Amino acid sequence: MQGKPKPFRRTTMKHAKEKSLAILWILLCGTHSLSAQKPLDYVNMMIGTTGSHPTEYGGTTPAVSEPFGMTQWCAVTRLNGISKTMYHYADTCLLGFMATHQPAVWMGDYGFFTLMPQSGKLKISPQERSVRLDRNRETATPYYYRVATETETGGEIVTEFTATSRCSFFRIRYPEQEKALLFLEAGRENAGGDIEIIPEKQEVRICNRERHDTHLGPELQNLCGYYVLKFSEPFAAYGTWKEDSVREGEKKDEGARTGGYIAFGTEGKNVEIRIASSFIGYEQAEENLRREMPERSSFDKIKNEVKKVWAAELDKIRIKGGSEDELTVFYTAFFRTMQYPREFSEYGKYYSPFDDRVHEGESYNAYSLWDTFRAQHPWLLLTQPERVSPMIAALVQMYREGGWIPKWPNPTYTNIMIGTHADAVIADAYINGYRDYDTEEAYRAIRKNAFQPPLNDTLHRWGDRHHWNGGYEARGGLTSYLERGYVASDKTDEAVARTLEFAIDDYCIAQMARSLGYETDYEILTKRAQNYRNLYNPETGFFQARRSDGSWDRSDVGFTEGANWTYRFCVMQDVPGMIDLMGGKEKFTALLDRNFDEGHYRHDNEPGHHYVYLYNHCGRLDKTQQRVPAIRSAHYKNRPDGLSGNDDCGQMSAWYLFSSLGFYPLTPASGEYALGIPNFREITFRLPEGKRLKIKAPELGTAESLPHIRFNGQEVATPFIPVQEILQGGTLEFLSEQVQKEKRGSNK
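All figures in this text were calculated on a predicted structure; none of them were measured in a lab. (Residues numbered from 1 in each chain as written. Predicted model: local features only at pLDDT ≥ 70, side-chain atom pairs only at ≥ 80, totals over all residues. Heavy atoms only, no water.)

### Some words on the overall build of the protein chain
Okay, step 1: Within the protein chain, the secondary structure is distributed over 19 helices and 33 strands.
Okay, step 2: Relative to the globule expectation of 27 Å for 748 residues, the C-alpha radius of gyration of the protein chain, 27 Å, shows essentially globular dimensions.
Okay, step 3: Considered along the principal axes of its C-alpha atoms, the protein chain spans approximately 80 × 70 × 45 Å.
Okay, step 4: Per-residue burial for the protein chain yields a buried fraction of 65% across its 748 residues.
Okay, step 5: Considering only residue pairs separated by 6 or more positions, the protein chain has 68% of its internal contacts joining residues 24 or more positions apart.
Okay, step 6: With the model as given, the accessible surface of the protein chain reaches about 27,100 Å², and the carbon-plus-sulfur share is 46%.
Okay, step 7: The averaged location of the 100 negative side-chain charges in the protein chain is 4 Å from the averaged location of its 91 positive side-chain charges. (Helix = DSSP H or I, 4+ residues; strand = E, 2+ residues; numbered from the N terminus. Rg over C-alpha atoms; globule rule 2.2 N^0.38 Å. Buried < 20%, exposed > 50% of the residue type's maximum accessible area, 1.4 Å probe, protein only. Contact = heavy atoms within 4.5 Å. Areas by Shrake-Rupley, 256 points an atom, 1.4 Å probe, with all protein chains shown as cover. Lys, Arg positive; Asp, Glu negative; His and termini not counted. Charge placed at Lys NZ, Arg CZ, Asp CG, Glu CD.)

### Thoughts on the state of the cysteines
Okay, step 1: For the structure shown, the criterion picks out one disulfide.
Okay, step 2: A sulfur-sulfur separation of 1.7 Å characterises the disulfide bridge that pairs Cys-207 with Cys-224. Placement of Cys-207 in strand β12 (residues 203-208) and of Cys-224 in the loop between β12 and β13 (225-231) is noted, with a sequence separation of 17 residues between them. Of the two residues, Cys-207 and Cys-224, both sit in the buried class. (Disulfide = S-S within 2.5 Å.)

### Topic: the pairing of strand β9 (residues 167-173)
On a regular strand, one side chain projects to one face of the sheet and the next to the other, so that they alternate.
Okay, step 1: For β9, the tally of buried residues reaches five of seven residues, placing the bulk of the element in the interior.
Okay, step 2: The pairing of strand β8 (residues 156-163) with β9 spans six bridges and is antiparallel. Note on β9: the bridge partner recorded for Phe-161 is Phe-170.
Okay, step 3: Once β8 ends, the chain turns through three residues before running back antiparallel as β9.
Okay, step 4: Pairing between β9 and strand β18 (residues 270-278): seven bridges, direction antiparallel. Note that in β18 the partner of Ser-168 across the bridge is Ile-275. (Pairing = 2+ DSSP bridges.)

### A word on the sheet that holds strand β16 (residues 252-255)
Okay, step 1: Taking strand neighbours across the sheet as the criterion, the nine strands line up as β6-β7-β8-β9-β18-β13-β12-β11-β16 in an open arrangement whose pairing is antiparallel. Edge positions in the sheet fall to β6 (138-140) and β16, since each has one partner strand and no second. Along the sheet, successive strands turn relative to each other by an average axial angle of 15°, direction set aside.
Okay, step 2: Against the sheet, helix α3 (residues 282-292) touches β9, β12, β13 and β18, its axis set at about 120° to β18.
Okay, step 3: Most of the contacts of helix α4 (residues 299-314) go to β8, to which it runs at about 50°, and overall it touches β8, β9 and β18. (Axes fitted to C-alpha atoms, helices over the stretch in contact; angles between N-to-C directions.)

### A few points about the environment of Tyr-615
Okay, step 1: As for its placement among the helices and strands, Tyr-615 is situated in the loop between α15 (585-597) and α16 (621-635).
Okay, step 2: Taking relative accessible area as the criterion, Tyr-615 reaches 0% and is therefore assigned buried.
Okay, step 3: In contact with Tyr-615, other than residues within four places in its own chain, are Thr-589, Leu-592, Asp-593, Phe-596, Arg-620, Leu-621, Lys-623, Thr-624 and Arg-627.

### Topic: the pattern of salt bridges
Okay, step 1: Considering all chains together, one arrives at 49 salt bridges under this definition.
Okay, step 2: In this structure, Glu-343 engages Arg-166 in a salt bridge whose closest nitrogen and oxygen atoms are separated by 3.3 Å. One end of the pair, Glu-343, is in strand β20 (residues 342-343); the other, Arg-166, is in the loop between β8 and β9, with 177 residues separating them in the sequence.
Okay, step 3: Between Arg-205 and Glu-203 there is a salt bridge, with the nearest N and O atoms lying 2.8 Å from each other. (Salt bridge = Lys/Arg side-chain N within 4 Å of Asp/Glu carboxyl O.)

As structure tokens, this is what we get:
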């Protein structure tokens, strides 16, 4: 396990060795002072960038962009692909820098390209062009990245970049007396890419057509990542390359394993490059550059502007108390929740990967819905209210243009994971008052998920990542679910998980149906939300797969990314009913205790993220409050291997954030939070329209539990609180029994 040294406070530094370690820590974290004062200074871009397992770690990268940026820019330490990101903290070599749209370690990239400053002779292959990566000479922040690398002759190349949503600004300092080169990769494999060098304009154009997830979705003839690169220095020489063949003076090339290079004159040792990205075309890329990085803007000006954007977002939450590590973990998690879903529109227009055409409007992409419906999207209701309705509208656009809302758009259908949890995201936003989109069309979209099986549903044995077959998987196995009240395990893989998750989504759609006046739909879907009962085996006490003839299947089949304990408490929509099914509150509490005490709980994956808050339904808030801090400290640490599982587009981070504030969205579309315990004695949350939410826990750390919770001076009667009350702001207090008695006495 690799980790960073603990941060040192100025008052504890006594030796030169300790000081050097502290400086190293600051460089790695991207902070600028020994005692960080602002939320942005606490963000550690390296948290989650490595782990003991090759894929089951945080899966994060130190990519630079504005919040929810369309294109991210990141250092490259390995060639990325499905289940492999472009940056890993354990790597020791640098291969270049890339424009990327890869949203998570499990997903592929598309429309990307790579550049690499070099000196001397052009080096093309990853093995040849790799250089040693010295962590002491690397700085990473949300708004800026810098690294210095050594050349073969002992010189130094310093590469810096900052980035807006659709553009980046590179500044490269080459060593004196060495030939300055820039390697460009337009296409790596398969569909490849195009490159055009325009020396008279000091410009390069690249179009990358690659898409790692091609086998999982429809063909997209018009998908291309367009890039326009504008250079501050004239080209002394240039050319293209294909495979290992270099073509000096050539201006154009295309295909797989294709790219180009630029050489700069002896006077041009400092080179600036402004780069625009687009999915619409080169003309739109030019427009994006004019809007986000006009020629008159310097590198430092753009960097400081992006820094201000991030600072303003992170300043929405201010904390009193907490250790340096706790503050770093908190604000890093907050930063991670502002990356996805990513912007996919370009100033009033967007390319749709669902009908392969350009449309007018606003759009988003990269929805990890199986993960993010649980906490990430509810977190955005609090922190990004102006983006919520546009994000919902983007999902509805996908339905309009492709026929279905996708389960995991990257950028089009991928058939990844199970359930149709856009149902939960849309219904939860609607129930909580976010309705600035076509609500009727949104309802039709999620209703289709619940009532219409996918094409040839009974002919396929659906599974996660089912290859594209000309139709969309949607709820694979829905025919069986509608006929029997469960997905039959002899017909469809992951049948238990599908049944349980279909039932959750049915509940969510039912809540929206009732609000819109569709009473018949509401009654049908509410009844179907009880289908979890059909797979409960009272003899074993677990949910278990059943075949199409009604007989029980083996106890170890039918699950997704877990086993029977992983899905034992998966019911969110009817927790009291699940408790009764399992023998009542006392027995259910004992089962939850076993889940945590015997090591069955897996926080590194999402199905169990709500489990600790189920104690609230048993009248045992004290157990919730006792266990939440242990989960926080065990699975979130201030070091590169500090996440126990994939962040999954903000879900792991959002769980931590909610659980640090003292409440959590246990049941989607219910309009309420389950209460827990804060991680800090005082938190001030800046809400829209000048509202403030203040959270106080003055006895935190001195009392075993804080069972008395008051909101705006009134004690909360149950361990739940309406979402709307939190959104309106006020003061939420967590108090011990003793302090509550004292408050009652003082009020008499």
